[in-house]
Amino acid sequence: MHKKWLAAAAAVATVGMLAACSTPAAETGSDEPVTITYGIWAGTQTPAMQAIADAFEKENPNITVEVQELPWPQYWSTLQTGAAGGTAPDAFWMLAQQIQPYAAGNQLLDITDAVKNAGVDLADYPQAVIDLYDQGDGKLYGLPKDFDTNAVWFNKALFDAAGVDYPAADWTWEDFRETAKKLTNPEAGVWGVAAPIDYQGGYYNTIFQAGGQVISDDGKTAAIDSPEAIEGIKFWTDLQADGSSPTLQQLSDTEAETMFEQGKVAMYWSGAYWALQLYNNTELRPNVDVAPLPTGKKQATVSSGIENVGYVGTKHPDETAKFLMFASGPEAAKIQAESGAVLPAYKGTAQTWMDAMPEFKNLQVFIDAQAYSVPLPVNGNAAAWQGVQGDYLTDAWNGTTSAADAAKAYADAINKVLAEG
Amino acid sequence: MTSNVSSPVGRPRRRTGLGARTDWWALAMIAPALIGLAALYLWPFISTFIKSFMNVPVFGPGKFNGVDNYAKLLGDPGFWQALGNTALYTVLVLLGIPLAIVFAALIQQVSRGKAIYRVLFFLPVVTLPVAVGMVWRFILNGDFGLLNYVLSLVGIPGEYWVADARFTIYAFAVVGIWMGLGVNLIILGAGLQSIPTELYEASSLDGANRVQQFFSITLPLLSPSIFFVTILTTISAFQMFDLVFVMLGSVNNTALGDSKTIVYLFYDAAFVQFKQGFAATIAIVLLIIIMAVTALQFRLQKKWVVYD
Amino acid sequence: MTSRRSAASRGEWRIHVILIIAVALMVVPFVWEILTAFKTNNEVSTLPPTIIPAHPTTAAFETFFASVPFWAQFGVSAISLVLRVVGQVLVAALAGYAFARLRFPGRNVLFVLFLLMLMVPSQLFLLGQFDLMKGLGLLNTLPALAIPGIFSAFGTFLMRQAFMTMPKEYEEAARLDGAGTLRTFWSVMLPMARSMIAALAVLTSLYSWNDLLWPLIVSPAGGNRPLTVGLASMQGQFGTNYPTLMAGALVCTIPLVVVFIALQRQFFAGIASSGLKG
């Protein structure tokens, strides 16, 4: 009561000056023109997203879609602030590791019925991605937008300069290490590989390749301190130890991807989502190629994908649901694929995506990788326990503690988050 | 104080009546400030204080949890590290004050070019802190930063100043001093101008040289300004946020974990992890620390500040 | 006499040398920022670094303007600055005058409360201010950026000090002419306080233009994002692409630098009369 009074008083005190700037609340019926916002993080995908919004507007003349671009480092804090403050975008991109608190906090639009009524067939999407977002409450909050696996981007010019053969499709950890070492040339300022602390593009892959797991099968405890998982972490700390990679300090001053584009590192582990960025660098383009991840005890890559979800506080739930189905549907998938922005989740669009970047001849490796892909571990509040990785793993990467000790300490931290639910 | 109020003795009675009416005017004139400050400062202060005893989840209402947040904060090594970083940063930035005194005194002595020197020293103050952070992050880059290049010319090996937690606080302090010099210079320069020139003339006649004059006249008479600048610098250094945010927070920097300041910790808790109860606790503890340090400075000033 | 003067100017020559070296160090970052903005991303990573751009290019500026809606964000920064400055000067002058000249119950208690507020770190108010803006439905709007800055205990204190030092004769003359309190304030006292108003205005402009934390919280996205947030966001997008970052930093810095050079007297007066307190 008191708070309300103060708020009202403050409003009165300032209203004269501010009346001109306040935004009127939009009250609209179903056929009247409505505007919905679509929140995405900034990058090479923006033109494709704008094209999808345009295509949707053409089909639905009464709905305007405003694409809201947010920088990646502030995306999640902005989204949370917006959701808590009632100003989140109507539709926005979601990641599997982030969805749990939003779903548990009842912040997402339930589109189960809308999808059913519209006759969308979930079989058109990779089951693995749908499963990643399943909160076990029987509700559907979004539809997969894209799909990603990992591979090794490499710079052919640096291989040629060092006289090293390009990677074979069936290369092993041992081959990889050797290749990285041979490519490293301190005088020229060239390293074989960038080895940052990167879970999705980096050490999760090798943990699975070594036969380990990040989280145990029951999803309740960390498994990152098992001997196999430690092997997977050691893969990276070894690359740091033998100087095949720039140090973490160097990778903080200049990000791994920038180093790869500058021709300072010859190999860079990452997803298909970097393809367009690298393709757009016309100077670099002829030198870029991609190979499958090397094989450890087995072949593996983590896979994930973005989903389009809606905000429960939207003023236009029907229009938002309609847009979500469109943005993840076949026409939008075709737009995405043709732009090269990203590999769409919708079935049968992979070839279109590859054709968008004809000079990259081996993009097929990302699609083939589906055969041995493992879903990204996203148990519990995954963003929370993934967010603290640096606090525990940095010392191992710097070589001041062993991979085993770091993994043990990190496992305890993960268990604490998982126990909180 | 009352001497400044109108209606002194000996006015006609008519004035008293007008005085009674002005009371209402006074309230009307103060009302906007009062309402705004109550709604935007007093109430937030109270609500932050209350929240510091609550567990406030990301979405939904909070629950009281007694002093759990305080216990958790004081038991968190991250907090003590942030406090240590903040204290170190504050002490280092205070070293900029002697620098400002020297330059203020030097500028005072020149007959030409005062204005241009002041403007150039002041430029960093009118530069967006975000831009300052970016420029310095680049200058301090370990591989191709300007600083390491200059150092290499004189044979000193460079370091990863903003990527290695051993150096980050020192790097912030250099930037902090660079940013604050202009302000301190102006305040101290105003203090210098208020020192009567006769004092210098008299002591010159007594045979004192410039250095002696600096210590026997300038410093003591400038001490109130120095004290003022010290208080301001301390308070703002304790609240440092922008530099951490721009130089480390926006990129995947491995030094961030060990380089946080208290206000960065607060921002991270409140608006990244969305633990608002815990964040409120950080803010309250910061208030207590700043009050304690300021009170201490006011006690110590009796020993060195000269008021006439 | 002549010999002493020449001794002084000999000394002055030495002082100039010291000051010029110091000033040169102060402006090195700006020079480096300008030079880098005209280089390519590959050139900045060469060793040893080139000082003068090998092939000067405005590509970084083009990238910046293509990816950051500069004019929109400039407008947001400018409008919120004007709202904040005009609002604060009015509110603070009214209250400052009342505290300095008018009599009302509880005046001293209230004034002490105002002074206490100066001690509290601004972060303490953030959560509550955010809740208030949310309650008023103002998140992501221009007013939300400006409102908290309009109400300042510091501004009230400054204006009170200014009015305290003014001679009472003018007011009394105005009253004898039949002017009421508000009229006396508006047409006699306020014009006399103009130098302090100018000082308060430049200080408020400085905080408003440079503020990052508050806009990051209330207006992180969409059309009402000011330049500071836009620039910080650009860093997220361009990571370590330094030429583009430097071009952006440069472009966003220029407006206030120009204003500062034009109004340096007021800036210095503002700082000197008050010290810096946000």
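Anything mentioned here points back to the structure above.
This is a predicted model, so every value here is computed, not measured.

Novice: Provide a residue-level description of the nonpolar core, including the pertinent values.
Specialist: Core analysis: the biggest nonpolar cluster contains 172 residues, and Val135(B), Phe266(B), Ile282(B), Tyr97(C), Met159(C), Leu200(C) and Met246(C) have the highest contact counts within it. Per-element tally for this core: the top contributor is helix α3 (residues 70-101) of chain C, with 14 residues. With residues up to four places along the chain from it excluded, the contact list for Phe266(B) reads Ala279(B), Ile282(B), Ala283(B) and Gln123(C). By size, the runner-up hydrophobic cluster in this structure holds 124 residues, among which are Leu108(A), Val152(A), Leu183(A) and Val342(A).

Novice: If you had to explain the packing of helix α4 (residues 96-109) of chain B against helix α8 (residues 168-193) of chain B to someone new, which residues and values would you point to?
Specialist: Residues and elements named next belong to chain B. With their axes 8 Å apart at the nearest point, α4 and α8 run at an angle of 50° to one another. Relative to α8, α4 is oriented oblique. Note that α4 runs across α8; the crossing there is right-handed. Within the contact between the two elements, α4 uses Gly96, Ile97, Leu99, Ala100, Ile101, Phe103, Ala104, Ala105, Ile107 and Gln108 and α8 uses Ile177, Gly180, Leu181, Asn184, Leu185, Leu188, Gly189 and Leu192.

Novice: Can you break down the pairing of strand β2 (residues 63-70) of chain A residue by residue, with the values?
Specialist: Residue and element names in this part refer to chain A. Here strand β1 (residues 34-41) pairs with β2 via 8 bridges, running parallel. Among the inter-strand pairings, Thr37 is bridged to a residue of β2, identified as Glu66. Taking the sense of rotation as the criterion, the β-α-β connection linking β1, helix α2 (residues 46-59) and β2 turns out right-handed.

Novice: Give a description of unusual backbone geometry that names residues and reports values.
Specialist: Phi is positive for Phe274(B), close to 55°, though the residue is something other than glycine. Relative to the elements of secondary structure, Phe274(B) occurs in the loop between α12 (262-272) and α13 (276-304). Unusually for a residue other than glycine, Asn140(C) sits at a positive phi of about 65°. Within the element layout of this structure, Asn140(C) appears in the loop between α5 (123-135) and α6 (142-150).

Novice: Go over α12(B) with me, naming the residues and quoting the values.
Specialist: Of all 11 residues in α12(B), 10 are buried; the element is thus mostly enclosed. Directly beyond the C-terminal end of α12(B), a positive phi value near 55° is found at Phe274(B).

Novice: Go over the sheet that holds strand β5 (residues 150-155) of chain A, please, and point to the residues and values.
Specialist: Sheets are built from strands paired through backbone hydrogen bonds, the pairs being either parallel or antiparallel. Residues and elements named next belong to chain A. Read from one edge to the other, the open sheet built from 4 strands follows the order β6-β7-β5-β8, with strand pairing classed as mixed. At either end of the open sheet lies a strand with only one pairing partner, and these are β6 (191-193) and β8 (288-291). On average, adjacent strands in this sheet sit at an angle of 25° to one another, irrespective of strand direction. The sheet contact formed by β5 and β8 spans 4 bridges and is antiparallel. When the bridges of β8 are listed, Phe154 appears paired with Asp289. Packing against the sheet, helix α8 (residues 173-183) makes contact with β6 and β7 (265-271), and its axis sits at approximately 155° to β6. Its contacts with the sheet place helix α9 (residues 199-209) against β5 and β7, and it is angled at close to 85° to β7.

Analysis parameters
Residues numbered from 1 in each chain as written. Chains lettered and ligands numbered in written order. Predicted model: local features only at pLDDT ≥ 70, side-chain atom pairs only at ≥ 80, totals over all residues. Core = buried A, V, L, I, M, F, W, Y, C linked by C-beta atoms within 7 Å. Buried ≥ 20, exposed ≤ 12 C-beta atoms within 10 Å, placed from the backbone. Helix = DSSP H or I, 4+ residues; strand = E, 2+ residues; numbered from the N terminus. Contact = placed C-beta atoms within 7 Å. Axes fitted to C-alpha atoms, helices over the stretch in contact; angles between N-to-C directions. Parallel < 35°, antiparallel > 145°, perpendicular 65-115°, else oblique. Left-handed = near helix turned anticlockwise from the far one by under 90°. Pairing = 2+ DSSP bridges. Right-handed = clockwise from strand over helix to strand, strands pointing away.

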